[in-house]
Structure formats: C-alpha cells, structure tokens
Amino acid sequence: MNIINIETFRVSVPLIKPFKTALRTVEIAESVYMKLTCDNGISGWGEAPPTLVITGESMDSIESSIHKVLKPMLLNKNLLHYESIFQEMKTVLTGNSSAKAAADMAIYDCLSQYCKLPLYQFLGGYRKEIETDYTVSVNGPEEMGEDAVSYIKRGFNVLKIKVGKDQAALDIDRITEIRSRIGKDIKIRLDANQGWTPKEAIRTIRTLEDRGLDIELVEQPVKAHDIEGLKQVTDSVETKIMADESIFTPKQAFEVLKTRSADLINIKLMKAGGIYQAQIINNLAEACGVECMAGSMIETKLGLTAAAHFAASKKNITRFDFDAPLMLARDLVEGGIVYNGRRISLPDAPGLGISAVYTEGGKGIESAG
Ligand code: MG
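**Focus on empty space enclosed by the protein**
Right, on to step 1. For the structure shown, the criterion picks out one cavity of 30 Å³ or more.
Right, on to step 2. Reported here for the largest cavity is a volume of approximately 160 Å³.
Right, on to step 3. By residue class, the composition of the lining of the largest cavity is six nonpolar, four polar and seven charged.
Right, on to step 4. Domain assignment of the residues forming the lining of the largest cavity places at least three in each of domain 1 (3-116 + 359-367) and domain 2 (121-352).

**Observations concerning the sheet that holds strand β5 (residues 134-136)**
Right, on to step 1. Taken together, eight strands build an open sheet; the order of strands is β5-β6-β7-β8-β9-β10-β11-β12 and the sheet is parallel. Each edge of the open sheet is held by one strand with a lone partner, namely β5 and β12 (317-320). Mean inter-strand twist for the sheet, computed between neighbouring axes without regard to direction, equals 30°.
Right, on to step 2. Across three bridges, the pairing between β5 and strand β6 (residues 158-162) is parallel. The residue of β6 that forms the bridge with Y134 is L159.

**Quick look at the domain arrangement of the chain**
Right, on to step 1. The domain architecture assigned to the chain consists of domain 1 (3-116 + 359-367) and domain 2 (121-352).
Right, on to step 2. Counting residues at the interface gives 44 residues for domain 1, matched by 45 residues for domain 2.
Right, on to step 3. Carbon and sulfur atoms make up 67% of the surface buried where domain 1 meets domain 2, a total of about 3800 Å² over both sides.
Right, on to step 4. For domain 1, the biggest contributors to the area lost against domain 2 are K17, K20 and Y108; these three give 15% of the whole.
Right, on to step 5. Between domain 1 and domain 2 we count two salt bridges in total.
Right, on to step 6. Notably, a salt bridge pairs K17 with D147, separated by 3.2 Å at the nearest N-O pair.
Right, on to step 7. The set of elements that each furnish at least two residues to the side of domain 1 that touches domain 2 consists of β1 (3-20), β2 (25-38), β3 (43-48), α2 (82-92) and α3 (97-114).
Right, on to step 8. Here the side of domain 1 that touches domain 2 gets 11 residues from one element, more than from any other, and that element is α3.
Right, on to step 9. Tallied by class, residues from the side of domain 1 that touches domain 2 come to 23 nonpolar, 11 polar and 10 charged.

Rules used in this analysis
- Residues numbered from 1 in each chain as written.
- Predicted model: local features only at pLDDT ≥ 70, side-chain atom pairs only at ≥ 80, totals over all residues.
- Heavy atoms only, no water.
- 1 Å grid on protein atoms, 1.4 Å probe; cavity = no way out; pocket = protein on both sides within 12 Å on 5 of 7 lines; lining within 4 Å.
- Points joined across faces, edges and corners; volume = space filled by probe spheres on them.
- Nonpolar A, V, L, I, M, F, W, Y, C, P; charged D, E, K, R; others polar.
- Domains from an automatic or database assignment.
- Pairing = 2+ DSSP bridges.
- Helix = DSSP H or I, 4+ residues; strand = E, 2+ residues; numbered from the N terminus.
- Axes fitted to C-alpha atoms, helices over the stretch in contact; angles between N-to-C directions.
- Contact = heavy atoms within 4.5 Å.
- Buried area = accessible area lost by both parts, 1.4 Å probe.
- Salt bridge = Lys/Arg side-chain N within 4 Å of Asp/Glu carboxyl O.

Given below as structure tokens:
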C-alpha cells in the first residue's frame, strides 16, 4: 500500500454565532483538507485548521509543511510499515502539529479501510457512541445566560463556559447568572484559556466553590508555559484542574503528570500532531490514574470525525468536547460521525467513514475512500 499522491484543498465556512474565548474571536472557520492516495486505490482524508494563537500555524504554513516537508517524505512509502512512518514524521518536522495531524489521520483512514474496520475499532473499539458538551462563548453575563438556556433546550446537559477574557470578578457574575438560569442538574465546566494569573485563578475558583456554584473542572487557568503556576492552582483548590494548552507532546504530558500539576488532561489531535502521539499521551495519563478529555479546535466534521474515532476507542478518555461542527453554518463532508443532540454515533463504514468531501466552497466534490 504505497502512497502515490498527496493533495490539499482550502475550505472555509461561516460560524452560526461568533466563537469567543480569552484568546480569540472566530467568525469564519478555515481549514486545509488533505487527501492521501495509495496505489491500491484506497485514499484517506485529513484536516488541519490554522490556530495561530495556540499552535502558531496559518493556512500558508500548514500547506507549506505538507507540500515541502511531509509530501516528499511520505511519497512511495508503504503504509503497512506505519510505525516507521510516524517515527520519521516526528523527526522530519518539529512543531507544526496540525499539519502533522492531517497527515496522521489520513494515514489512519487508509490503514483502517485496508483492514475493513471503522477507525474506532481499529484503535480499540471501546465505545460506539459518545456525548459532547456545548461551549458558551465569553460575552456579557446576560447574553451568556440566554445562550446557556438555548443550548439546554437543544438537549445538551454539560456546558463548557469560556471565561478569563477580562476581570476575574466579571467571571463570577457570568457563572452566577448561568447557574441561576439553568438550575442544579446541568454540569458546568470552565475554560479560562490561560486568561488568569495563578493568584487570580485561586481566588476566583475558591469564590465559585464558596458560593456553591458546583463547577466540575476548570481548564487551563494560567499561561501555557507556566507549569509551576498550574500546579500552584491545582494544589490550592478543590475543583479539578485540566491542562489543555500546556500539553502538546507526550514529554510535556509526562512533566505535568510527574509533578501532579493538573488533575486532568485535554487531548487534541491538532496539538499532539495526530492519533499516534495522542495515544501515547493517553497511555501515560492512564498509567498515572489521570483521566483525559478529547477536544478540538474550530474544525469541521472531517477533523472531528477522526478525533471522535480516537476518543471513542479508549477507556481512559471520559469527557468529550466535540461541539465545533455544530457551530458551523453547513457541513463540508458527507458521512463520518452523526450528531443527534449531544449524542455522537461512530460510523460503521471502514476508516473514518467519510463518503464525500466538498472542496472549494462546495463547488468541487471529491468521492472518498
Ligand atoms: Mg481549552
């Protein structure tokens, strides 16, 4: 199963409502789609969204990484020796984790099609269905309260609230407003996206605890590089703390796990560089008794389908933040995961299960598989 061609396509699709975090506002989702073709007729798909403020990658850098580095490395390689391919991909290009993730998921798409298995079964097949939370963008307390109620009405029972954009005191008002509107039975998790200092984080989380606002976990309270600050927060509050932007690589995961700097880890294929590396992070965490969440960037259903196959296959991944495609005005692929409210079903078709891909704003249609 030798690779004979690699192509990329630029896609974009508007969001239904702007996505706002402490780091950025997104109104149009852009992405690079990658198609990998083998000499036995099997082809696989991957996706890499540009997330400058997190991975440092742009549309141009993703295309350049793929065409100038990954494509020359991958062409004529036999995918059945995939261990050596993934090892070489790690060393031929440092950083550029989303570009590598696109290639990685296209390779796994081909391999699992070759084995005639849906990817989640190829990887372990622990679950066939998972449930996602839904994200409330950071806005004024009133607007966030209204958004929260509208998502509950659509059937979501776990909300991920974005905070950390301005004064921490306003975050208390935001959560108080949301909790008062949605009642006690809905789970609330927070994501500060690095927006607090360690002291701000400790003060804010303790206040939320004292007021009985019942927060399940707080994601990435402090700057990505500040592992000592992350540990200070984790050691100082009862609420569980989750590392997100602090962990891209297995080595970074090991450091956080070794020093007990966080209680939980959020794994994203776009940070890890794909499924191969994401599995190592999950294995390290599992060995240390630390559960993982699987999440995504602002990605289309193509990238999310790969992430969901990975997440569903592993016992230690117990939380799923897979709402990004629900925020988009339309789908750019047919097949893949199926959303039914908060429930996500994995497809039975081999590989990712993508049956068609719309490139060039829906004008070009590529048959998949
Ligand atoms: Mg996060």
